[in-house]
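Chain by chain, the residues:
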Amino acid sequence: MIENQKIRPARVIGPLGEPLTLDTLPPPSTTRWVVRRKAEVVAAVNGGLLSVDEVCQRYGLSVEEFAGWQRAIDRSGMPGLRVTRIQHYRTLYERQQKY
């Protein structure tokens with residue numbers, strides 16, 4: 001019988017095209033979340049380097065906060081992660097959904 005083993009890649013492609021490994025991800029002590037760091041963490045989860053639970057535990061995030069980062073990238077790309085423009089991208093997305 002074959003057991004389900006979690007096979008993880010050693011590295012994934014980051015948001016800017018650079019390779020990401022566990023060592024190159026933002027440190028667990030990160031408190032200032034700039035767009036690039038958020039995008040790197042989302043890319044790590046999307047690529048299978050870490051699970052959502054591991055990211056939330058490692059960085060002290062809630063699942064809702066991380067899901068918001070994923071949603072922002074899906075909708076607007078990296079600019080959608082900018083805290084100062086959240087409302088702009090939210091209304092833009094809502095307008096797009098109407099038509």
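To be clear, the structure that these remarks concern was listed above.
Structural notes, computed from the coordinates. Treat the numbers as computed from the prediction; the structure is a model and nothing was measured.

1. Considerations on the overall build of the chain
Looking only at helices and strands, the chain features four helices and two strands. Along the chain, helices and strands appear, N-terminal first, in the series β-β-α-α-α-α. When burial is assessed residue by residue, the chain has 27% of its 99 residues classed as buried. If you sum the accessible surface of the chain, you get close to 7000 Å²; carbon and sulfur atoms cover 51% of it.

2. Concerning the side chain of Glu40
Mapped onto the elements of the fold, Glu40 is located in helix α1 (residues 35-47). Judged by relative accessible area, Glu40 falls into the buried class, the value being 6%. Discounting residues that sit within four places of it in the chain, Glu40 has contacts with Pro15, Glu18, Leu20, Thr24, Leu25 and Pro26.

3. A word on the packing of aromatic side chains
In the structure shown here, the tally under the stated rule is three aromatic pairs. Taken together, Trp33, Tyr59, Phe66 and Trp69 form an aromatic cluster joined through their ring pairs.

4. So, the nonpolar core
Soluble globular proteins tend to pack their nonpolar side chains together in the buried interior. Of all hydrophobic cores here, the largest spans 20 residues; its most connected members are Leu25, Val41, Val55, Tyr59, Leu61, Phe66 and Trp69. Listing elements by their share of this core, those giving two or more residues are α1, α2 (52-59) and α3 (63-76). If one sorts the elements of this core by residue count, α1 sits on top with six residues.

5. Some points on the environment of Arg71
With respect to the helices and strands, Arg71 occurs in helix α3. Of the residues examined, Arg71 reaches a relative accessible area of 43% and is grouped as partly exposed. Linking Arg71 and Val42, residues 29 residues apart in sequence, is a C-alpha distance of 10.0 Å.

What counts and how
- Residue numbering note: each chain is counted from 1, following its sequence as written.
- Reporting of local features is limited, given that this is a predicted model, to residues whose pLDDT is at least 70; pairs of side-chain atoms are given and counted only at 80 or more, and all residues count toward the totals for whole chains, interfaces and linings.
- Remark: hydrogens and water are excluded; side-chain values derive from all non-hydrogen atoms of the structure.
- Only DSSP runs of H or I covering at least 4 residues are called helices, and only runs of E covering at least 2 are called strands; the numbering of each starts at the N terminus.
- The classification of residues rests on relative accessible area computed with a 1.4 Å probe and restricted to protein chains. Under 20% of the type maximum is buried, over 50% is exposed, and intermediate values are partly exposed.
- Using a 1.4 Å probe, accessible areas were evaluated by the Shrake-Rupley method; residue-level cover was limited to the displayed protein chains.
- Contacts are assigned to residue pairs with any non-hydrogen atoms lying within 4.5 Å of each other.
- Geometry of aromatic contacts follows a simple scheme: Phe, Tyr and Trp rings, the Trp one being its six-membered ring, pair when their centres are within 6.5 Å, and the pair is stacked under 30 degrees between planes, edge-to-face over 60, tilted otherwise.
- Side-chain atoms within 4.5 Å are what join buried Ala, Val, Leu, Ile, Met, Phe, Trp, Tyr and Cys residues into a set we call a nonpolar core.

Treat this as a map of the structure, not an account of what it does.
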